[in-house]
Amino acid sequence: RPHSQGSQSQFILNAGAVPPTVCVRQLTPYRGGNLQYGQFDCSSCGHEWQCPDSKADKAQACSHCEKQTYPYMQRDLEPGEHQAISEARDLETDLLIACADSIELHIRAHADFDSSNPSSYACQASSASLLEHVDTCLLERDRRRSHPEPYEILDIIALHSQGENSWFILNEAAVPPTFCVRQLTPYRGAKQQHGCFRCNACDHMWENVGSRVDESQMCEGCDTQIYPYIQRDLGLGDHRAITDACDLEVKLLTTCADAIEHYIRTHADFDSSDPSGYACQISSATLLEHVDARLLERDYHRSRPEPYTLVEII
């Protein structure tokens, strides 16, 4: 009787019954806010299991018949069980990020993906090919995870469609639901990357080591601005190629400036008594003869990848 009084009591007593009856008031034995090690017994199919991620007043689905079942026993976690939960959740986070990256790469590498307008291609979330990019561990039930039930493709996409820096834009109103990439480029950091490009307009493909976040590059075949579909960290050879190209660029610019200055000073109209008094037309075709042809071409290794014009050199 003393334990049947108040909203936080353990029992509900029916003293009027003959004989008197009693039942438990709470859904679970534990009433606190910590994780518990729970023991479960499904009354429908007899399946028994244990879980180190049991909480107060929370049921779990039986893996055999899917019936929601409350634990009949709960105890405090031991140190090893805390570690198991922490490791399972860290693995879950890593797997989700890896799956999102793999799904994004799958979309960007698709034949119908438009690299000039990345968010225009909408992929169906129910596409069977997407399952190939999800780790099987996420497709299984794991009581220790923050999301113990098996993940579905839509769950993973929805999880990575929240916030401005998310991977995807999900359209759940579509039938079936569709999603597209949110960012212009796969990479979201501040470092220079090795980028792979493919132009949908003329099928021209190229790679370069001067790719950056949210930056497109012009296709040499049709002059369309194209965003990379793959970006990876630079290797040792990439860093060396960039350094060599930038050093050569500085040397060529200096050489061209010297050659242009020499051309002006040796011109028939040049006044040696007043060197700055002679104004040469920049549009003069003869000035181009003193510019190295390599500066007039696109080179993605350089600090300025686009072709130089005479005005820019001067």
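Note that the structure is predicted; figures quoted are calculated from it, not measured.

Enquirer: Mind showing me how you'd approach the packing of aromatic side chains here?
Expert: Where two aromatic rings form a pair, the distance of their centres and the angle of their planes describe that pair. Counted under the stated rule, the structure contains five aromatic pairs. Between Phe40 and Trp49, the aromatic rings sit 5.0 Å apart at their centres with planes inclined by 0°, giving stacked as the arrangement. Take Phe40 and Trp49: they sit in the same class, and that class is buried. When the ring centre of Tyr37 is taken as origin, the NZ or CZ atom of Arg75, which lies over that ring, is 4.1 Å away. Looking at Arg198, its charged tip hangs above the ring of Tyr229, at a distance of 5.4 Å from the centre.

Enquirer: Even after reading the chapter, I still don't get the state of the cysteines, so can you show me in this structure?
Expert: Overall, the coordinates contain zero disulfides when judged by the stated rule. There is no disulfide at Cys99, and the cysteine sulfur nearest it, in Cys137, is 9.3 Å away. Given the relative accessible area of 3%, Cys99 is considered buried.

Enquirer: Looking at this model, I keep getting lost on the sheet that holds strand 10 (residues 178–181). Mind explaining?
Expert: Working definition: the strands of a sheet are paired by backbone hydrogen bonds and lie parallel or antiparallel to each other. Taking strand neighbours across the sheet as the criterion, the three strands line up as 8-10-9 in an open arrangement whose pairing is antiparallel. One side of each edge strand has no neighbouring strand; the edge strands of this open sheet are strand 8 (123–124) and strand 9 (168–171). Across the sheet, helix 1 (residues 79–108) is in contact with strand 8, strand 9 and strand 10; its angle to strand 10 comes to roughly 90°.

Enquirer: Just checking my understanding: could you explain the side chain of Thr69 for this structure?
Expert: Following the sequence through the fold, Thr69 ends up in strand 6 (residues 68–69). Using a relative accessible area of 8% as the deciding quantity, one classes Thr69 as buried. Setting aside residues no more than four positions away along its own chain, Thr69 makes contact with Phe40, Asp41, Cys42, Trp49, Ala59 and Gln60.

Enquirer: Before we go on, may I ask you to explain the environment of Pro150 in this structure?
Expert: Within the secondary structure, Pro150 is located in the loop between strand 8 and helix 2 (153–159). Take Pro150: its relative accessible area is 30%, and that puts it in the partly exposed class. C-alpha separation for the pair Pro150 and Gly38, spaced 112 residues apart in sequence, amounts to 20 Å. Among all residues touching Pro150, those that are not within four sequence positions of it are Leu138, Leu139, Glu140, Arg141, Arg145 and Asp155.

Enquirer: Explanation requested: the pattern of salt bridges in the structure shown.
Expert: Once the charged atoms of two side chains with opposite charge are near each other, the side chains can pair. Tallied over the entire structure, the rule returns seven salt bridges. Ionic pairing is found between Glu66 and Arg141, a salt bridge with its closest N-O pair at 3.4 Å. Placement of Glu66 in the loop between strand 5 (60–61) and strand 6 and of Arg141 in the loop between strand 8 and helix 2 is noted, with a sequence separation of 75 residues between them. Residue classification places Glu66 among the partly exposed residues on the basis of a relative accessible area of 47%. As a salt-bridge pair, Glu104 and Arg188 come within 3.4 Å of each other at their nearest N and O atoms. Of this pair, Glu104 sits in helix 1 while Arg188 is found in the loop between strand 10 and strand 11 (193–198), placing the two residues 84 residues apart along the sequence. The class of Arg188 is partly exposed, set by a relative accessible area of 32%.

Enquirer: It is not clear to me how the sheet that holds strand 4 (residues 48–54) should be interpreted in this structure. Could you clarify?
Expert: Here three strands make up an open sheet; going across it, the order is 4-3-7 and the pairing antiparallel. Since the sheet does not close on itself, it has two edges, and those belong to strand 4 and strand 7 (73–76), each with one partner. Averaged over all neighbouring strand pairs, the angle between strand axes comes to 20°, with direction disregarded. With five bridges connecting them, strand 3 (residues 36–41) and strand 4 associate as antiparallel partners. Within strand 4, the position partnered with Phe40 by the bridge is Trp49. Set on the sheet, helix 1 makes contact with strand 3, strand 4 and strand 7; between it and strand 4 the angle comes to about 80°.

Enquirer: Honestly, the environment of Arg198 in this entry has me stumped. Any pointers?
Expert: Looking at where Arg198 falls in the secondary structure, it is placed in strand 11. Owing to a relative accessible area of 15%, Arg198 belongs among the buried residues under this scheme. Sequence-wise, Arg198 and Trp49 are 149 residues apart; in three dimensions their C-alpha atoms are separated by 52 Å. Apart from residues no more than four positions distant in its own chain, Arg198 is found in contact with Arg108, Ala109, His110, Phe113, Ser115, His204, Met205, Ile226 and Tyr229. A polar contact of 3.5 Å, which involves the side chain of Arg198, links it to the backbone oxygen of Arg108. A distance of 3.4 Å separates a polar atom in the side chain of Arg198 from the backbone oxygen of Ala109.

What counts, and at which threshold
- Residues numbered from 1 in each chain as written.
- Predicted model: local features only at pLDDT ≥ 70, side-chain atom pairs only at ≥ 80, totals over all residues.
- Heavy atoms only, no water.
- Phe/Tyr/Trp six-rings, centres within 6.5 Å; stacked < 30°, edge-to-face > 60°.
- Buried < 20%, exposed > 50% of the residue type's maximum accessible area, 1.4 Å probe, protein only.
- Lys NZ or Arg CZ within 6 Å of the ring centre and 35° of its normal.
- Disulfide = S-S within 2.5 Å.
- Pairing = 2+ DSSP bridges.
- Helix = DSSP H or I, 4+ residues; strand = E, 2+ residues; numbered from the N terminus.
- Contact = heavy atoms within 4.5 Å.
- Axes fitted to C-alpha atoms, helices over the stretch in contact; angles between N-to-C directions.
- Salt bridge = Lys/Arg side-chain N within 4 Å of Asp/Glu carboxyl O.
- Polar contact = N/O pair within 3.5 Å; in protein donor to acceptor, adjacent residues only side chain to side chain.

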